[in-house]
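# Coordinate analysis (summary)
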Amino acid sequence: MSAPAEPPAEATAPPGPPARSGVASALGWILTIGLNVVAPILTYNILTEDHGWSEFSALLLSSAWPVLDTAIVVAWRRKVDEFAVVTLVFLVITAVVSLVGAHTARALLVKDSCVTGLFGLLCLATLLAPRPLMFYFGRKFATDGTPASTAWWNGLWQYEGFRSTMRTMTLVWGVAYVAEALVRVALAYALPTRTMVTLSPVMIYGVLAALGVWTARFGKRRAAEGARRQAEADAAAADAATV
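The structure reproduced in this document is the subject of the present report.

Calculation notes
- Residues numbered from 1 in each chain as written.
- Predicted model: local features only at pLDDT ≥ 70, side-chain atom pairs only at ≥ 80, totals over all residues.
- Heavy atoms only, no water.
- Salt bridge = Lys/Arg side-chain N within 4 Å of Asp/Glu carboxyl O.
- Helix = DSSP H or I, 4+ residues; strand = E, 2+ residues; numbered from the N terminus.
- Buried < 20%, exposed > 50% of the residue type's maximum accessible area, 1.4 Å probe, protein only.
- Axes fitted to C-alpha atoms, helices over the stretch in contact; angles between N-to-C directions.
- Left-handed = near helix turned anticlockwise from the far one by under 90°.
- Contact = heavy atoms within 4.5 Å.
- Nonpolar A, V, L, I, M, F, W, Y, C, P; charged D, E, K, R; others polar.

The next thing to look at is the pattern of salt bridges. Here the structure, examined in full by the defined rule, presents two salt bridges. Arg184 is the salt-bridge partner of Glu180, the closest N and O atoms lying 2.6 Å from each other. One end of the pair, Glu180, and the other, Arg184, are both in helix 8 (residues 160-190), four residues apart, so they sit about a helical turn from each other. You can call Glu180 buried: its relative accessible area is 4%. For Arg222, the salt bridge goes to Glu225, with nearest N and O atoms at 3.9 Å. Of the two residues, Arg222 and Glu225 both sit in helix 9 (residues 193-242), three residues apart, roughly one turn of that helix. Residue Arg222 is classed as partly exposed on the basis of its relative accessible area, which comes to 24%. Here Glu225 falls in the partly exposed class, since its relative accessible area comes to 27%.

And the structure:
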């Protein structure tokens, strides 16, 4: 009887995630949403609407919240969280773009579109990096931030299917946001400003929702394909063991 055949490395199924820490996960989500989304928006609105601050000054001060989030993560987990860093860079880009050029309503709409376009270009640029941007976004939302879950996610990079999935997701997000920005810039000049003030946020969150749904379905489909390949490899190994 011959020895059982070893399945090829790429056919080996990635390990499942470790048990999630409910407390760590909850705290991580509260910090992420509170300091990267809620606090910057509230700060910007209060300063511009109630205190008469300029958009640039309000955005600049709003960017202090992601900085605080980064400091907390460094103190808590002894590492820099890439999600908070990207959010901070995004806010700085927004502040810089809002400062440049004219300050008309139409110009502000165009600048807003340029920011999402720059995010799309950032996604595409990271395809040339060792790991694309969606790898870090995925780690932020697929783990609870504990060392065990972070190590599990980082270890998935050894699997070709996982690397391909992360790069495909990053490519789709990049292309989608560049296209969305180009369409919104064109519409900003073609439609009345009043119409675009309503349409612009609808487009932003509509594209985000569509990408979120696609990402979840694409990830599940890729995981199912990996499980199927693993089952086929196990069956082949079992057949070889009986010969």
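Resuming the write-up.
Next up on the list: the packing of helix 6 (residues 133-142) against helix 7 (residues 147-155). Two quantities define a packed helix pair, namely the angle between the helix axes and the distance between the axes. Two numbers describe how helix 6 lies on helix 7: the axes approach to 10 Å, and their chain directions differ by 145 degrees. Note on packing geometry: the crossing formed by helix 6 with helix 7 is right-handed. Touching Phe135, Gly138, Arg139 and Ala142 of helix 6 are Thr150, Trp152, Trp153 and Asn154, all from helix 7. Across the contact of helix 6 with helix 7, the residue classes tally to four nonpolar, three polar and one charged.

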